[in-house]
Amino acid sequence: EIHLLGIINDILDMSRIESGRMVIKNEEFSFARNLEQVNTIISGQCAEKGLTYDCRLTGKIDEYYIGDGMKLRQVMINILGNAVKFTPKGGTVTFLIEEGRRYNGNATLKMTVKDTGIGMSKDFLPHLFDAFAQEDSSSTNRYGSTGLGMPITKSIVELMNGHIEVESEKGKGTTFTVTVSL
């Protein structure tokens, strides 16, 4: 039931993005509270699966920023959730957050999610952000994914004047780096 709701939400998000109707709010939100909620969800998932979860903040991170807190949380949960999903028992998921340069009242937030999971082949990487793309069709059944999480995540990040990069090696793990402007 929850899975079906997730699929429906993904499809709705995707259609909003494609029709240019996805709106990014610009309001004050508590980054600390956001991060606490994300960490509660992800550390719970990691504990259930037997993974080590490590979240680290580097430098000065403000308690409050102006931007779309809910969408930012969605981005964090999507990427971290994938890291958990594709990392076998005994592995590690690391979440690093640091603030980059500030200019004209804007702060740059850099978030890095690193896992020791199954990784992706070099051939698949360029297709990671294509709608419905999956490296291995059997992973639909095994991991229960729609293949929409990553395109949605990339679109949200870009709507926040940010960018997302990924490095991965089959069998070694994956690193996502997201930079957003708040």
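Residues numbered from 1 in each chain as written. Predicted model: local features only at pLDDT ≥ 70, side-chain atom pairs only at ≥ 80, totals over all residues. Heavy atoms only, no water.

Engineer: Tell me about the packing of aromatic side chains, residues and numbers included.
Structural biologist: For any pair of aromatic rings, geometry is given as the distance between the ring centres together with the angle between the planes. As enumerated under the stated definition, the model contains 1 aromatic pair in all. With a centroid separation of 5.9 Å and 90° between ring planes, the pair formed by Phe31 and Tyr65 is classed as edge-to-face. Of this pair, Phe31 sits in helix 2 (residues 31–49) while Tyr65 sits in strand 3 (residues 64–67); the two residues are 34 residues apart in sequence, bridging distant segments of the chain. Of the two residues, Phe31 and Tyr65, both sit in the buried class. Between Lys154 and the ring centre of Phe129, over which it is positioned, the NZ or CZ distance is 5.8 Å. (Phe/Tyr/Trp six-rings, centres within 6.5 Å; stacked < 30°, edge-to-face > 60°. Helix = DSSP H or I, 4+ residues; strand = E, 2+ residues; numbered from the N terminus. Buried < 20%, exposed > 50% of the residue type's maximum accessible area, 1.4 Å probe, protein only. Lys NZ or Arg CZ within 6 Å of the ring centre and 35° of its normal.)

Engineer: Tell me what's going on with the pairing of strand 5 (residues 106–115), and back it up with residues and numbers.
Structural biologist: For strand 5, a buried count of 7 out of 10 residues is recorded, marking the element as mostly surrounded by other parts of the structure. The antiparallel hairpin formed by strand 4 (residues 92–103) and strand 5 contains 2 residues in its connecting segment, where Asn104 sits at a positive phi of about 45°. Of the pairings in the sheet, the one linking strand 5 to strand 7 (residues 173–181) comprises 8 bridges and is antiparallel in character. Within the sheet, the bridge partner assigned to Lys114 lies in strand 7 and is Thr175. (Pairing = 2+ DSSP bridges.)

Engineer: So what about the sheet that holds strand 7? Which residues, and what values?
Structural biologist: Spatial ordering of the open sheet is given by 2-4-5-7-6, a layout of 5 strands whose pairing is mixed. Both outer strands of the open sheet, strand 2 (52–58) and strand 6 (163–169), are each paired with one neighbouring strand and no more. Along the sheet, successive strands turn relative to each other by an average axial angle of 10°, direction set aside. As judged from the 9 bridges shared by strand 4 and strand 5, these two strands associate in the antiparallel manner. Counterpart to Ile97 in the pairing with strand 5 is Met111. (Axes fitted to C-alpha atoms, helices over the stretch in contact; angles between N-to-C directions.)

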